[in-house]
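Each chain is listed here by its residues.
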Amino acid sequence: MALDLRSRTLARKSPEAAGSPRYVVHTTLLWGSDILRTSWTRSFSLFQEKQLRELIDLAHDHGVYVSTGGWAEHLLTHLDPNAVFDRYLSKCKDLGFDVIELSSGFLSFPEDDWLRLVDKVQSYKLEPKPELGIQFGAGGDTPAAGLESIGSSDPGKLVNLGHKFLDAGVKRLMIESEGITENVNSWRTDVVSTIMKELLVERVMFEAADPKVFNWYIREFGIDVNLFVDHSQIVQLTCLRSGIWGTADTWGKIVTFRPNQTK
């Protein structure tokens, strides 16, 4: 399970956490997440470095690794992208980040360049986490009509690129929800089915920051499906996986059969 930790959410929902994220992180990490994502990296640049290091250290203390949010790819628009990308990776490494997210939601660049970015991240002993999707312009909360006018790409393109990343040693792929279950007139469940069929399920993580979305994923694919949610939803999702919460279609219906596993 992955959590999205948003700096603006901390300030809005927990006043005592606006100065220190320790309170919110501590109360959510205990619920079984394995990844903590710091939303957009540029928003976390507003944190004092001491506080950011404290947050990352706390996650590591609980066995959770920490990922940057989508921003690294925007450094390619810099006049000297090689130098500035190296500086970015060096700083992320120094701060204690484990994973670097790479996304093309707002930018278009060749597949081979994506793979070069993966190699660059790996050269710093960091884990690259490509974010894949079918919707260009994803991540900007554009209304469904606006995204529909842009058009979406074929799911086969996502699958082919996913295979290339896995062959390059990428451990986890993140699937962008926009164009699939977010800001669409009807969900593209066919895209999800294609991904689950064509890519290694344990290496794929779906963005599902909406209760009705993660409820659907758990109902359709079971409790082991990897999901990425907002930190405020971790209790709800954990209870759904455990069978002690649900909607009309899942309450009392989420079960497993694991004879050799003790509770």
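Residues numbered from 1 in each chain as written. Predicted model: local features only at pLDDT ≥ 70, side-chain atom pairs only at ≥ 80, totals over all residues. Heavy atoms only, no water.

Caption draft 1: Quick look at the pairing of strand 4 (residues 99–103). With five of its five residues buried, strand 4 lies for the most part within the structure. Covered by surrounding structure in strand 4 are V99, E101 and S103 together with I100 and L102, the residues of both alternating faces. Strand direction decides the pairing type here: strand 4 and strand 5 (residues 127–132), joined by five bridges, are parallel. Looking at the pairing, E101 lines up with K129 of strand 5. Regarding the hand of the β-α-β motif, the stretch spanning strand 4, helix 7 (residues 111–123) and strand 5 is right-handed. (Buried < 20%, exposed > 50% of the residue type's maximum accessible area, 1.4 Å probe, protein only. Helix = DSSP H or I, 4+ residues; strand = E, 2+ residues; numbered from the N terminus. Pairing = 2+ DSSP bridges. Right-handed = clockwise from strand over helix to strand, strands pointing away.)

Caption draft 2: Quick peek at the packing of aromatic side chains. Counted by the stated rule, this structure contains eight aromatic pairs. For the pair W216 and F221, a centre-to-centre distance of 5.8 Å together with 85° between the ring planes defines the contact as edge-to-face. W216 sits in the buried class, given a relative accessible area of 10%. Between Y217 and F221, the ring centres sit 6.3 Å apart and the planes meet at 35°, which makes this aromatic pair tilted. Residue Y217 and its partner F221 are located together in helix 11 (residues 211–221), separated by four residues, close to a single helical turn. A residue is classified by how much of its surface remains accessible, and Y217, at 2% relative accessible area, is buried. Here a set of aromatic residues connected by ring pairs shows up, and it is made of W187, F206, W216, Y217 and F221. (Phe/Tyr/Trp six-rings, centres within 6.5 Å; stacked < 30°, edge-to-face > 60°.)

Caption draft 3: Looking closely at the nonpolar core. Counting 55 residues, the largest nonpolar core has I100, F165, F206, Y217 and L227 as its most contacted members. With six residues, helix 6 (residues 81–95) is the single largest residue contributor to this core. Setting aside residues no more than four positions away along its own chain, F206 makes contact with I175, V192, I195, M196, Y217, V225, N226, L227 and F228. (Core = buried A, V, L, I, M, F, W, Y, C linked by side-chain atoms within 4.5 Å. Contact = heavy atoms within 4.5 Å.)

Caption draft 4: Focus on the packing of helix 10 (residues 189–198) against helix 11. Closest axis-to-axis distance for the helix 10/helix 11 pair is 13 Å, and the angle between their directions is 50°. In this view, helix 10 runs oblique relative to helix 11, as classed from their interaxial angle. For the pair helix 10 and helix 11, the crossing hand works out as right-handed. Across from T189, V192 and M196 in helix 10, the residues of helix 11 making contact are W216, Y217 and F221. In terms of residue class, the contact of helix 10 with helix 11 is made up of five nonpolar, one polar and no charged. (Axes fitted to C-alpha atoms, helices over the stretch in contact; angles between N-to-C directions. Parallel < 35°, antiparallel > 145°, perpendicular 65-115°, else oblique. Left-handed = near helix turned anticlockwise from the far one by under 90°. Nonpolar A, V, L, I, M, F, W, Y, C, P; charged D, E, K, R; others polar.)

Caption draft 5: Layout of the side chain of E101. Tracing the chain through its elements places E101 in strand 4. A relative accessible area of 0% places E101 in the buried class. A distance of 2.6 Å separates a polar atom in the side chain of E101 from a polar atom in the side chain of R37. For E101, the side chain forms a polar contact with the side chain of K129, separated by 3.3 Å. (Polar contact = N/O pair within 3.5 Å; in protein donor to acceptor, adjacent residues only side chain to side chain.)

Caption draft 6: Main features of the environment of L52. With respect to the helices and strands, the residue L52 is situated in helix 5 (residues 49–61). For L52, a relative accessible area of 8% gives the class buried.

Caption draft 7: Structural detail: the packing of helix 6 against helix 7. Between helix 6 and helix 7, whose axes approach to 10 Å, the crossing angle comes to 45°. When the interaxial angle is binned, helix 6 and helix 7 end up oblique. By crossing handedness, the relation of helix 6 to helix 7 is classed as right-handed. Together, F85, D86 and L89 of helix 6 and L117, K120 and V121 of helix 7 make up the contact between the two elements. Its residues assigned to classes, the contact of helix 6 with helix 7 shows four nonpolar, no polar and two charged.

Caption draft 8: Seen up close, helix 10. Of all the residues in helix 10, the buried ones are V191, V192, I195 and M196. Projection of helix 10 onto a plane perpendicular to its axis shows the buried side chains occupying an angular sector of 135°, all on one side. Where the residues of helix 10 are buried, they touch helix 9 (155–167), strand 6 (173–175), strand 7 (204–207) and helix 11. (Arc of directions from axis to C-beta.)

Caption draft 9: Looking closely at unusual backbone geometry. Positive phi, normally seen in glycine, also occurs at K125, with a value near 60°. Structurally, the position occupied by K125 is in the loop between helix 7 and strand 5. The exposure class assigned to K125 is exposed, which follows from its relative accessible area of 69%. In this structure, N183 takes a positive phi of about 55° despite not being glycine. Classification of N183 by relative accessible area gives partly exposed; the value is 23%.

Remember that the coordinates give geometry; whether it matters functionally is a separate question.
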